[in-house]
Amino acid sequence: MNDDVARSAYSLPVTAPVSASRYAGETLLGRKRRARKMARVLAETHPDAHCELDFTTPLELAVATILSAQTTDVRVNQVTPALFKLYRSAADYAGADRAAMETLLRPTGFFRAKTDSLIKLGQMLVEKYDGELPRKLDQLVALPGIGRKTANVILGNAFGVPGITVDTHFRRLTNRFGWVAEDDPVKIEFLVAELIEKRDWTMLSHRVIFHGRRVCHARKPACGACTLASVCPSYGTGPTEAAAAAKLLKGPRARDLAEAAGVDPDLVPAAAVLAPEEP
Ligand code: SF4
């Protein structure tokens, strides 16, 4: 089936794609309106977006997030059940046997540094916070192994305090969206905070990251099968033909993503549904 035929059976949910030049003189208000519209489309596109690290307590999330550096959430989730069973409190981490913990953490990479961070984290929590994780950003970032990104993940997902998580996907996509023209994660966080309502920060972070993993890939974004095509200045960075773009969609909802973008889901290869998403 050619692309025109494929598209004719599905109406795009938004108006036809436009070029980047349309946004050249965009005002802050215009950008804010467009960003919020894109955020709404992302919410509809990725209703399953969530924190992919498994945890039941703020401490477990802090540990899982520290372990997620330079590896995938899937890999972390394979390691944490055994870890969380043995180390249940900050005091357990503070008094951990280094060699035993290194053995457990080895599959996540950088296991010596990560072991060091977890033991020091436990020690500082015991010394300064009675073994509890603090709830303030400035207190969290002062803890071993916890940077601003990790702190925002903890605030947003364990404490319900809105936080923007700027990881590699969030940085790439917000630049492609024309929300920012910036590489520095802290500057990106503050710029996006001006565009998006605070109550939406945590879920927006998950949705942007899901879009980066499943649609707007680093090398070849699936522009022709993207629900943001009509409002994205970077439309055309990847293939715009429906058939070519549909092949690039990844993850368990690849067919739904195609359909949401007005593309025939039968153009999505069966393997795409099982293909590993970008880490
Ligand atoms: S896939 Fe293409 S159209 Fe969609 S957000 Fe990425 S660059 Fe923009």
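Residues numbered from 1 in each chain as written. Predicted model: local features only at pLDDT ≥ 70, side-chain atom pairs only at ≥ 80, totals over all residues.

Taking an unreviewed UniProt entry as the reference, the chain is identified by name as Endonuclease III belonging to Actinoplanes lutulentus. UniProt's Sequence similarities (unreviewed entry) comment on the chain is quoted here verbatim: "Belongs to the Nth/MutY family." Taken verbatim from the UniProt record of the chain, the Catalytic activity (unreviewed entry) comment is "2'-deoxyribonucleotide-(2'-deoxyribose 5'-phosphate)-2'-deoxyribonucleotide-DNA = a 3'-end 2'-deoxyribonucleotide-(2,3-dehydro-2,3-deoxyribose 5'-phosphate)-DNA + a 5'-end 5'-phospho-2'-deoxyribonucleoside-DNA + H(+)". (UniProt positions renumbered as here; feature names shortened; annotations may be inferred.)

A. Region of interest: the packing of helix α3 (residues 58-67) against helix α4 (residues 73-86). Close contact between α3 and α4 brings their axes to 10 Å; oriented N to C, the two are set at 135°. One finds that α3 runs oblique with respect to α4. As for the relative orientation of α3 and α4, their crossing is right-handed in sense. Where α3 abuts α4, its residues Glu60, Ala64 and Leu67 lie against Val76, Val79, Thr80 and Phe84. Class assignment for the residues of the contact of α3 with α4 results in five nonpolar, one polar and one charged. (Axes fitted to C-alpha atoms, helices over the stretch in contact; angles between N-to-C directions. Helix = DSSP H or I, 4+ residues; strand = E, 2+ residues; numbered from the N terminus. Parallel < 35°, antiparallel > 145°, perpendicular 65-115°, else oblique. Left-handed = near helix turned anticlockwise from the far one by under 90°. Contact = placed C-beta atoms within 7 Å. Nonpolar A, V, L, I, M, F, W, Y, C, P; charged D, E, K, R; others polar.)

B. Geometry of the domain arrangement of the chain. Assigned domains within the chain: domain 1 (3-49 + 166-274) and domain 2 (58-158). A straight line from the C-alpha centre of domain 1 to that of domain 2 covers 32 Å. At the interface, seven residues of domain 1 touch four residues of domain 2. Broken down by secondary-structure element, the contributors of at least two residues to the side of domain 1 that touches domain 2 are α11 (185-195) and α12 (201-214). Here the element with the most residues in the side of domain 1 that touches domain 2 is α12; it accounts for three residues. Taken together, the residues of the side of domain 1 that touches domain 2 break down into four nonpolar, two polar and one charged. (Domains from an automatic or database assignment.)

C. Up close: the environment of Val76. Counting through the fold element by element, Val76 comes out in helix α4. Along the primary structure Val76 and Ala222 are separated by 146 residues, whereas in three dimensions their C-alpha atoms are 28 Å apart. Excluding anything up to four places from it in sequence, Val76 contacts Leu53, Ala64, Leu67, Ser68, Thr71 and Thr108.

D. A look at the environment of Ala69. Along the chain, Ala69 turns up in the loop between α3 and α4. Residues Ala69 and Lys32 lie 37 residues apart in sequence; the distance between their C-alpha atoms is 31 Å.

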